[in-house]
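Here's the letter readout for the chains.
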Amino acid sequence: MSLKFLFPIDGDFVNSREGNWQGGALYIDVMLAAEERSLSVCGIPAVFDPALGCYTAQVPLYGYRNRITAKTDTEECGITVFVTPEENLKKYRLSSDDNIRFLQELTQGDYASIFDHPYLAVYKKAHDLYGAKVHLNLFYEYDETYRSNFSDTPAYFNLSMMTDRYKEEFISNSHWLKLAFHSRSEYPAKPYLNADGKTVREDCIAVCREVCRFAGKECISNSTTVHWGEGNREVIRALRAMGFTSLTGYFMKNNANEPIVSYYADSELTDHIGARDFWMDTQEDMIFGRIDSVLNAKPLDEILQEVTEAAEDPHRGGFVSIMIHEQYFYKDYKWYLPDFEDRVLRSCKILADRGYTGAHVSEVTAQRPLADNPAFQ
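Let me begin by describing the structure that accompanies this report. (Residues numbered from 1 in each chain as written. Predicted model: local features only at pLDDT ≥ 70, side-chain atom pairs only at ≥ 80, totals over all residues. Heavy atoms only, no water.)

**Quick word on the overall build of the protein chain**
Along its length, the protein chain carries 10 helices and 22 strands. The C-alpha atoms of the protein chain give a radius of gyration of 22 Å, which matches the 21 Å a tight globule of 377 residues would have. Principal axes of the C-alpha set define a box for the protein chain whose edges measure 70 × 45 × 40 Å. Counting across all 377 residues of the protein chain, residues that qualify as buried make up 55%. For the protein chain, restricting intrachain contacts to residue pairs at least 6 apart in sequence, the fraction spanning at least 24 positions comes to 72%. Summed over its atoms, the accessible surface of the protein chain is roughly 16,100 Å², and 50% of this surface lies on carbon and sulfur atoms. The positive charge centre, built from 39 side chains, and the negative charge centre, built from 56, are 3 Å apart in the protein chain. (Helix = DSSP H or I, 4+ residues; strand = E, 2+ residues; numbered from the N terminus. Rg over C-alpha atoms; globule rule 2.2 N^0.38 Å. Buried < 20%, exposed > 50% of the residue type's maximum accessible area, 1.4 Å probe, protein only. Contact = heavy atoms within 4.5 Å. Areas by Shrake-Rupley, 256 points an atom, 1.4 Å probe, with all protein chains shown as cover. Lys, Arg positive; Asp, Glu negative; His and termini not counted. Charge placed at Lys NZ, Arg CZ, Asp CG, Glu CD.)

Written as structure tokens, this is what we have:
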């Protein structure tokens, strides 16, 4: 087939940064590769643009899910594209991976509030000062190797040992603080890259069952970052069947130009998702989103520049996702970051100062309820 969509591609989320609203529709410039011939897109004649080297047509998109069909005299193909409404732009989420130790300390300590724990206090500050919505991905248990990364080696702990005395407080803060499955433990690395559906299903149930017990079902998120951001299609199908609707990752390349933290995406798709807010695999019914900055990965000044650049990017600045890892908070961790709190709060401040407000992934990627359709107002 010589007819190919160049932009958008199947599964793309588009917004007003890539088009303009007119009369309740978002008009975008659709670009296609095709041999020279008569070509139309949704019945609109396409014109060859010599500067771009492809055919273009301005097409209106209505509502959340849109089917765009291109036709020539001999070929026809179509893609599904999703529209992010204006009110879901300039949002951001703060997430943290590898969480378990703070839960052990809440269990063993005598805190009047979960936010008396210094780790959760950082996120409460981010919420109170900058409107952050926070998402914590949880291990089910420690493994021996992970425990050895701390000089003050924590005792063994798993989520079944977590106290439920803070359940009501978790529930009352669940509008901004969410908990989700990450993996069974820190090691082995990339546990779901070659796993089967049964393995990830059992690990997910182990985590989510305990979260419901000690924090309430209100805290469960239907979005997550799987440990190492790697997972084959069978794993992703199992997670979708469990109720997860979106997954986040880095969607970038390593020094060998290989995709990393990109689930099953190949090189071309990794580049595409990494340059956008969200993309849906319409075959698997799963949304993928880029994490724009890992706050523990670089010196602070580079992190702040990275967050700023993400906010200013026209293709991935509609929703900015920033992430850190729990272990870097602890002084006895091998790679402790004494400026952990500074990294979190200053990154959130950059976004808040630019008009961003906190949101969970599901709040900006889900279709609006029928009753909220602005056409009915």
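**A short note on helix H1 (residues 101-108)**
Three or four residues apart is the spacing at which side chains of an α-helix point the same way, because the helix has 3.6 residues per turn. Where burial is concerned, most of H1 is hidden: 6 out of the 8 residues are buried. Its buried side turned inward, H1 meets strand S11 (91-99), helix H2 (118-130), strand S12 (134-139), helix H4 (167-172) and helix H5 (197-215).

**Regarding the pattern of salt bridges**
Scanning the entire structure with this criterion turns up 25 salt bridges. We note a salt bridge from Lys198 to Glu202, for which the minimum N-O separation is 2.6 Å. A residue pair is termed a helical-turn pair when its members lie 3 or 4 positions apart in one helix, as Lys198 and Glu202 do in helix H5 at 4 residues. With a relative accessible area of 40%, Glu202 lands in the partly exposed category. Each of Arg233, Arg237, Asp281 and Glu284 takes part in salt bridges that share partners, so that together they form one network. (Salt bridge = Lys/Arg side-chain N within 4 Å of Asp/Glu carboxyl O.)

**Here's the deal with helix H9 (residues 340-353)**
Here H9 contains 14 residues, and its C-alpha end-to-end distance of 20 Å stays within 8% of the 20 Å for a straight helix at 1.5 Å per residue. All buried positions along H9 are accounted for by Phe340, Arg343, Val344, Leu345, Ser347, Cys348, Ile350 and Leu351. Close packing links the buried residues of H9 with S11, H2, helix H8 (300-312) and strand S21 (319-325). In the segment just after H9, Gly355 is the residue with positive phi, at about 90°. (Expected span 1.5 Å × (residues − 1).)

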